[in-house]
Protein chains: 2
Amino acid sequence: MPELPAQEPLVKEIPPKGADLSAWYTAVCLKAELVSYAPVRGCVVLRPYGFGLWENLQRELDARFKATGHENAYFPLLIPESLLIREAEHVEGFAPEVAWVTEGGQEKLEERLAIRPTSEAIIGVMYAKWIQSHRDLPVLINQWANVVRWEKATRPFLRTMEFLWQEGHTAHATAEEAREETERMLDVYRDFAENVAAVPVYAGLKSASERFPGAVETYSIEALMPDGKALQSATSHYLGQNFSRAYDITFSDTDQQMKHVYTTSWGMSWRMLGAMIMVHGDDRGLRVPPKMAPIEAVIVPIVKGDETAPLEKARELAAGLRAEGFRVRVDDRDRSPGFKYSDWEMRGVPLRIEIGPRDLQSGSVTLVRRDKAKGEEDSKVSAAFDALGTTLRTQLEAVQASLYAQAKLFLESHTFAVNDRTVFFERCKDRSGMIDIPWCKRADCEAILKNQTSATTRVMRELQQPGAVCTACGEPAVVNAYFAQSY
Amino acid sequence: MPELPAQEPLVKEIPPKGADLSAWYTAVCLKAELVSYAPVRGCVVLRPYGFGLWENLQRELDARFKATGHENAYFPLLIPESLLIREAEHVEGFAPEVAWVTEGGQEKLEERLAIRPTSEAIIGVMYAKWIQSHRDLPVLINQWANVVRWEKATRPFLRTMEFLWQEGHTAHATAEEAREETERMLDVYRDFAENVAAVPVYAGLKSASERFPGAVETYSIEALMPDGKALQSATSHYLGQNFSRAYDITFSDTDQQMKHVYTTSWGMSWRMLGAMIMVHGDDRGLRVPPKMAPIEAVIVPIVKGDETAPLEKARELAAGLRAEGFRVRVDDRDRSPGFKYSDWEMRGVPLRIEIGPRDLQSGSVTLVRRDKAKGEEDSKVSAAFDALGTTLRTQLEAVQASLYAQAKLFLESHTFAVNDRTVFFERCKDRSGMIDIPWCKRADCEAILKNQTSATTRVMRELQQPGAVCTACGEPAVVNAYFAQSY
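This is a predicted model, so every value here is computed, not measured.

Rules behind the numbers
Residues numbered from 1 in each chain as written. Chains lettered and ligands numbered in written order. Predicted model: local features only at pLDDT ≥ 70, side-chain atom pairs only at ≥ 80, totals over all residues. Helix = DSSP H or I, 4+ residues; strand = E, 2+ residues; numbered from the N terminus. Rg over C-alpha atoms; globule rule 2.2 N^0.38 Å. Buried ≥ 20, exposed ≤ 12 C-beta atoms within 10 Å, placed from the backbone. Contact = placed C-beta atoms within 7 Å. Pairing = 2+ DSSP bridges. Axes fitted to C-alpha atoms, helices over the stretch in contact; angles between N-to-C directions. Core = buried A, V, L, I, M, F, W, Y, C linked by C-beta atoms within 7 Å. pLDDT = per-residue confidence, 0-100. Least-squares fit on C-alpha atoms with pLDDT ≥ 70 in both. Nonpolar A, V, L, I, M, F, W, Y, C, P; charged D, E, K, R; others polar. Domains from an automatic or database assignment.

S.K.: What is the right way to look at the overall build of chain A in this model?
M.R.: On a plain count of helices and strands, chain A comes out with 14 helices and 23 strands. The globule rule puts the C-alpha radius of gyration for 487 residues at 23 Å, and the 25 Å found for chain A is close to it. Dimensions along the principal axes, computed over C-alpha positions, put chain A at roughly 80 × 60 × 55 Å. Within the span of chain A, comprising 487 residues, buried residues form 49% of the whole. Partitioning the contacts of chain A with sequence separation of at least 6, the portion at a separation of at least 24 is 68%.

S.K.: Any chance you could explain the sheet that holds strand β19 (residues 380–384) of chain B here in plain terms?
M.R.: Consider a sheet: its strands pair through backbone hydrogen bonds, and that pairing is either parallel or antiparallel. Residue and element names in this part refer to chain B. Taking strand neighbours across the sheet as the criterion, the 5 strands line up as β16-β15-β17-β18-β19 in an open arrangement whose pairing is mixed. Both edges of this open sheet fall to β16 (328–330) and β19, since each of them pairs with a single strand only. In this sheet, adjacent strand axes meet at a mean angle of 25° when their direction is disregarded. Inspection of the sheet shows strand β15 (residues 297–301) paired to β16 by 3 bridges, in the parallel sense. Counterpart to Val298 in the pairing with β16 is Arg329. Running at roughly 170° to β15, helix α10 (residues 337–346) makes contact with β15 and β17 (351–355) of the sheet. The strands touched by helix α12 (residues 388–413) within the sheet are β15, β17, β18 (364–369) and β19, with β18 carrying the most contacts at an inclination of about 10°.

S.K.: Sorry, what's going on with the nonpolar core here?
M.R.: Generally speaking, nonpolar side chains in soluble globular proteins are found buried as a group. Counting 296 residues, the largest nonpolar core has Val199 and Met272 of chain A together with Val199 and Met272 of chain B as its most contacted members. Beyond its immediate sequence surroundings of up to four residues, Met272 of chain B is in contact with Leu57, Ala193, Ala197, Ser233 and Ala234 of chain B.

S.K.: Could you clarify how one ought to interpret the confidence of the model for chain A in this entry?
M.R.: All names here are of chain A. Per-residue confidence for chain A gives a mean pLDDT of 94, with 98% of residues at or over 70. When the criterion is pLDDT under 50, residues 1–6 qualifies, and its contacts beyond four places in sequence or with other chains add up to 12 contacts. Quick note on the complex model: pTM equals 0.96, ipTM equals 0.95.

S.K.: Even after reading the chapter, I still don't get the relation of the copies chain B and chain A, so can you show me in this structure?
M.R.: Put simply, the two copies of the chain differ by a rotation about an axis and a shift along that axis. Mapping chain B onto chain A is achieved by rotating through 180° and translating by 0.0 Å along the same axis, at an RMSD of 0.0 Å. Both chain copies can therefore be described as sitting about a two-fold axis. Relative to the rotation axis, the closest C-alpha in chain B is found at Val101 of chain B, a distance of 2.1 Å. The share of interface residues of chain B whose copies in chain A are also at the interface is 100%, consistent with both copies meeting through the same surface.

S.K.: Looking at this structure, how should I read the pairing of strand β10 (residues 217–224) of chain A?
M.R.: Both faces of the sheet carry side chains from a regular strand, because those side chains alternate between them. All names here are of chain A. Most of β10 sits inside the fold, with 7 of its 8 residues counted as buried. Where strand β9 (residues 202–205) and β10 come together, 4 bridges link them in antiparallel fashion. Counterpart to Gly204 in the pairing with β10 is Ser220. Relative to strand β11 (residues 230–240), β10 runs antiparallel, the two sharing 8 bridges. Within β11, the position partnered with Glu222 by the bridge is Gln232. If you look at the hairpin formed by β10 and β11, you'll find 5 residues sitting between the two strands, and Gly228 has a positive phi there, around 85°.

S.K.: Please clarify how the interface of chain B and chain A should be interpreted in this entry.
M.R.: By convention, interface size is frequently given as the accessible area that disappears when the constituent parts associate. Between chain B and chain A, the residue contacts involve 48 residues of the former and 48 residues of the latter. A per-element tally of the side of chain B that touches chain A places strand β5 (residues 99–104) of chain B first, with 6 residues. Here the residues of the side of chain B that touches chain A sort into 33 nonpolar, 8 polar and 7 charged.

S.K.: Any chance you could explain the domain arrangement of chain A here in plain terms?
M.R.: Residue and element names in this part refer to chain A. Domain annotation for chain A reports domain 1 (70–274), domain 2 (297–395) and domain 3 (415–484). One C-alpha centre belongs to domain 1, the other to domain 3, and the line joining them spans 29 Å. Contacts between the two partners involve 15 residues from domain 1 and, on the opposite side, 16 residues from domain 3. A total of 4 residues in the side of domain 1 that touches domain 3 trace back to one element, the largest contributor, which is β9. Counted by class, the side of domain 1 that touches domain 3 contains 6 nonpolar, 5 polar and 4 charged residues.

S.K.: How do you make sense of the sheet that holds strand β6 (residues 107–115) of chain B when you look at a structure like this?
M.R.: Here we have 6 strands laid out as an open sheet, ordered β4(A)-β6(A)-β5(A)-β5(B)-β6(B)-β4(B), and antiparallel in their pairing. In this open sheet, the two edge strands, each paired with only one partner strand, are β4 (78–80) of chain A together with β4 (78–80) of chain B. In this sheet, neighbouring strand axes are inclined to one another by 45° on average, regardless of whether the strands run parallel or antiparallel. Summarising the sheet, β5 of chain B and β6 of chain B pair through 4 bridges and their orientation is antiparallel. Bridged to Val101 of chain B within β6 of chain B is Leu113 of chain B.

S.K.: What's the story with the environment of Glu120 of chain B in this structure? I'm lost.
M.R.: Residue and element names in this part refer to chain B. As for its placement among the helices and strands, Glu120 is situated in helix α5 (residues 120–130). Separated by 127 residues in sequence, Glu120 and Tyr247 have C-alpha atoms that sit 9.5 Å apart. Apart from the residues within four sequence positions on either side, Glu120 is in contact with His90, His169, Gly214, Phe243 and Ser265.

S.K.: Would you mind going over the pairing of β18 of chain B with me for this structure?
M.R.: All names here are of chain B. In this sheet, β18 lies alongside β17 in antiparallel orientation, the contact comprising 4 bridges. Paired with Arg352 across the bridge in β18 is Val368. Looking at chain direction, β18 and β19 are connected through 5 bridges and run antiparallel. In the sheet register, Val365 faces β19, and the bridge partner there is Ala383.

S.K.: What's the story with the environment of Ile14 of chain B in this structure? I'm lost.
M.R.: All names here are of chain B. By secondary structure assignment, the location of Ile14 is in the segment before α1 (21–31). In the structure, Ile14 is positioned 278 residues away from Met292 in sequence and 22 Å away in space, judged by C-alpha atoms. With residues up to four places along the chain from it excluded, the contact list for Ile14 reads Trp24, Ala27, Val28, Lys31 and Gly285.

S.K.: Just checking my understanding: could you explain unusual backbone geometry for this structure?
M.R.: Trans is the common state for peptide bonds, and a negative phi is the common state for residues other than glycine. All names here are of chain A. Omega for the bond connecting Leu137 with Pro138 falls within 30 degrees of zero, at -5°, which places this linkage in the cis form. The topology assignment puts Pro138 in the loop between α5 (120–130) and β7 (139–148). The backbone of Gln106 sits at a positive phi, close to 65°, despite the residue not being glycine. By the secondary structure assignment, Gln106 is in the loop between β5 (99–104) and β6 (107–115). Despite not being glycine, Asp378 has its phi angle at roughly 65°, a positive value. Inspection of the secondary structure assignment puts Asp378 in the loop between β18 (364–369) and β19 (380–384). Judged by local crowding, Asp378 falls into the exposed class, with 11 C-beta atoms found within 10 Å.

S.K.: Can you help me understand the environment of Thr456 of chain B in this one?
M.R.: All names here are of chain B. Positionally, Thr456 belongs in strand β22 (residues 456–462). For the pair Thr456 and Glu210, spaced 246 residues apart in sequence, the C-alpha to C-alpha distance is 8.7 Å. With residues near it in sequence (within four places) discarded, Thr456 still touches Glu210, Lys450, Phe483 and Ser486.

Listed below in structure tokens is the structure:
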């Protein structure tokens, strides 16, 4: 019988973020009631406030998928073993992580069923059935789903056995179209990360050693965490004809020839939430970018004795703001204002609106911004009742921009252009930041650098300096690559 | 190795609905591309057009849940066996249907993990952890999720091994509050079924023999299918303290006493889509109520030779309608108008807008309504370009109302008030409709009626005629109950 509750640490206060990022992170995820540990090893429950973050991610990302021509569908959770193993590299990559159903309806099954670790296999089988002609192409489908990859450790959002994600799967008549799709979706992820989650990223092609099992090319977006480690936040794969050959997805082209389609797949999971939490949080708790915030502004009435006017006014203002489309909550709990301030700061609500008896007379309220330190200039703004919506909109935009700017500054000040091997090894001792080096693109050079430092290639980009040499071997470099420790 | 593709019937034409409802139903689900059979026994894929129906159900239902104070969360897919078996009746009801994970990460597990058939068990454990005080109550949570109940047959939406649903789980300080919640959510389901899916239902309490395993009371909404069988379309359960005792969910009440909470659970699955399809469809295919329609109107340009003006105008009109919030598609495929008409009729799009060269001159278009028979009065409506949005809104409302009215008429004309045992048995021979009888509420009378006719109690309501006697035993009746054959 499993112990109940599972190993969820009891959190009274969150430790300082700078001292131990990992302890701070777990504490804030629990204390802000984003997650709770489940009585199943490796699993967490996404609590309502955490699910509110996921709903905003879903809404924003889904709108971008639809704007680029994709539709949603739903494929089965269980995949027969014989189907999963058709693409050799794919199964080799995923087999060690699979959870197997071997009994159902009180009978032993003849064939084991895998709980999907990802859906290329089952989707490949269906595409083979649906696609006959060039008229059926492209197929542009996304799925929002849960997946399971066997895992005993539990780190909320970053490492769990079951997680929520979306996986896009597309099929195209030509390699060129499929490559375009792969890059288009990478850019959708970059746009979402930067403009919604306010997390700046490096987006680009990964090295061969870091590819998705079965892919021809893997692209990713990479964010930088406060401890100097990179966090891969979404991936987009060009699969070429690897899966269409394994699953026999063919079409009759305009020239009447039967050909195999070219496929892509791309995914973002709730891991993105982990990146957002780590990048923006501070010693007081979460700082949620307004576009991701389940509550954009909380109104705290300051009531003395039996006064009801501030609370009534708070409700009236909240109703007006809701009608204008804002996500607002009135905190009418029987608690002190100080308790409420700390509580909503912990949950990272971007704006707090304080309203007391004096504000009723002046016809204005005070807005307090969560992106600023206490006492910092502009951390408090006054807004007249009749201009509250306008001020709120402006201030939410300002908070969104300021969180992004702070994170961008951190990324830039922790990215180091290096072209000397000794300096590279020195830098890696810090384990801190993205190290941008010229590289010959040979796997053995990558291996040398990795083995001595445990830093890995995150993404590559064009060679920045013509004539630069590889940091590892001194031969002519072909690309620049960001190396970093990673999650 | 499973046969590929699985036993999906090839559909060239759909058979008449009246001749064989079951054959019609399967054919229309496949031909309209709502679903496709997966290579896993008992599973279907929800294709983009079918998923569009599900998205509309989700949006409408989710808004109603939030308006009644609920929040979404996500709980783990896998439940350790020792937790599942804590509520005795519950496990007895579900154990035969469970799929078990016994291997993970290349190891045999010490304890089997159930794939959730429903989530009372895992949620009960979490609520025990979260709820301490009366201040923590009520807890009002909903989950959108996939569940698995072992099943070998496959009937799209109606009977599948894995299905999508939502399950609400709430905890309250008093029995009264929990009972109110149970009835409130039943009414949300009734409202959704009638006003969104345009499916009239009987809503009420079920008899003891038809209760959810572990519930004190089960309520449901029951729709009537064209073959005269009832289809249970959603359920709402008052669980009393059965689960709070099994999972030890206690709170310190205002009087400082520790008490067990009262819980409810309620769910609607994609089965509701099956009801909607059967109720409204006709020999030409689906008829989708506008509020559920992925495409509210399709614009078919009628082009001769190299003309491009109608297509251009179609695109311009579509852009304008989309800006007004309508879900519109332009069919620009290289196919004849006749082919397109049939194709969209099959998919049940509520309105078709035809636009040809003559319409360009007259500055108006023809709208064709899918709820009317061909040639029926009012089946075609003309709309000026500049009044298209207004006309569309009016006509969509008219189609929604007319589909509901047609279904309501069918339900009413197939509901039979009976108070004589012989007449009851005669009626049951028809296997056609809801038979409304006075009943003493004793299980043996229910069993007698069921055993002889295979009709079961669907829902009960107040006794309609004071002094009426039970149709089975002739003793004084206590309630009226709808009996019917059922899915």
